[in-house]
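Inside the fold
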Amino acid sequence: MNIAFENTKKNLKRIEKFYEKTKTDILVFPELSLSGYEIENRRTLKEISFEKKNKEFKNLLRISRDMNKAIVFGFSEREGNKLFNSSMLIDERGRSFVYRKSHLFFNEKRLFDKGDTGFFTNRVKGAKVGMMICFDWFFPEAMRTISLMGADIVAHPSNLVMPYCQDAMKTRCLENRVFAVTANRIGEEENYKFTGGSRITGVNGDILADSGKKNECIKTCFIDLKKSRSKKINKENDLFKDRRRELYVL
Ligand code: ACM
């Protein structure tokens, strides 16, 4: 028996329990939430990775359909010889969509292949939801792209180890007028200490929910989609229409 793989299955069961009992339209879990973050080498990583259509996900598909809700969670994905740091969205109809992390952080560069899905959005119960994973936040182009695609909510599974993201997300949300759900790890692994402080951030950079840094918990809040649908910050300024693309090097 592969102990590490058994642990990923235990984590999946825990996620199913949390998902089943939480009354919310969409619930977001951290990056690599089945395996944990620190994986010694690519061989071990391969053993604990899941194909995106793996039958182990069938309970999550069923809960989504039966309870008419959606989930996003990070997992290590295997496709042929490739390994991706991925995030799966299962919508309320039980359809699954996978985003593969675009910007790999530090040792992830040794373990994973670079994500090749690019950014995209999907409809979840009338809201448009995009995904990025942890370190992707450091590249403003990521959240800008997802927002220009019309996202209301950016689901952001994370295993943050640097102290900057939670505050920076206020600006990311403010400059794009989108909501973001940063679901972060708490605790430690051998070489990493995770910063906790999961947050739901609003379109004005306001903190709508905050987990604190110490305990595992679930926080929910109401999201008003009217707010993310208008990019106006006053009568004269619309953050998207006022862009001067001819002046930018991007
Ligand atoms: C990170 O991208 N997990 C820091």
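Residues numbered from 1 in each chain as written. Predicted model: local features only at pLDDT ≥ 70, side-chain atom pairs only at ≥ 80, totals over all residues. Heavy atoms only, no water.

As for the packing of helix H5 (residues 140–148) against helix H6 (residues 165–176)
Running from amino to carboxyl end, H5 crosses H6 at an angle of 35°, the nearest separation of the two axes being 10 Å. In this structure, H5 crosses over H6, and the sense of that crossing is right-handed. Counted together, Pro-140, Met-143, Arg-144 and Ser-147 of H5 and Met-169, Arg-172, Cys-173, Glu-175 and Asn-176 of H6 form the full contact between these two elements. Looking at the contact of H5 with H6 residue by residue, the class counts come to 4 nonpolar, 2 polar and 3 charged. (Axes fitted to C-alpha atoms, helices over the stretch in contact; angles between N-to-C directions. Helix = DSSP H or I, 4+ residues; strand = E, 2+ residues; numbered from the N terminus. Left-handed = near helix turned anticlockwise from the far one by under 90°. Contact = heavy atoms within 4.5 Å. Nonpolar A, V, L, I, M, F, W, Y, C, P; charged D, E, K, R; others polar.)

Details of the pairing of strand E8 (residues 179–183)
The element E8 is largely enclosed, with a buried count of 5 among its 5 residues. Along E8, one buried face is formed by Phe-179, Val-181 and Ala-183 and the opposite face, lined by Ala-180 and Thr-182, is buried too. Sheet topology places strand E7 (residues 153–157) next to E8; 5 bridges connect them, and they run parallel. Across the sheet, the residue bridging to Pro-157 is Ala-183, located in E8. In this fold, the crossover linking E7 to E8 by way of H6 has right-handed handedness. Alignment of E8 against strand E9 (residues 199–201), held across 3 bridges, turns out to be antiparallel. (Buried < 20%, exposed > 50% of the residue type's maximum accessible area, 1.4 Å probe, protein only. Pairing = 2+ DSSP bridges. Right-handed = clockwise from strand over helix to strand, strands pointing away.)

As for helix H3 (residues 58–67)
Within the span of H3, buried status applies to Leu-60, Ile-63 and Ser-64. Along the axis of H3, the buried residues cluster in a sector spanning 100°; they form a single face. The exposed set on the far side of H3, more than 90 degrees from its buried face, consists of Lys-58 and Asp-66. With its phi angle positive at about 55°, Asn-68 sits one or two positions after the end of H3. (Arc of directions from axis to C-beta.)

A closer look at the side chain of Ser-33
Along the chain, Ser-33 turns up in the loop between strand E1 (26–28) and helix H2 (42–47). Here Pro-30 takes part through its backbone oxygen, which lies 3.3 Å from a polar atom of the side chain of Ser-33. Excluding residues that lie within four positions of it along the chain, Ser-33 makes contacts with Asn-11, Ile-15, Phe-73 and Gly-74. (Polar contact = N/O pair within 3.5 Å; in protein donor to acceptor, adjacent residues only side chain to side chain.)

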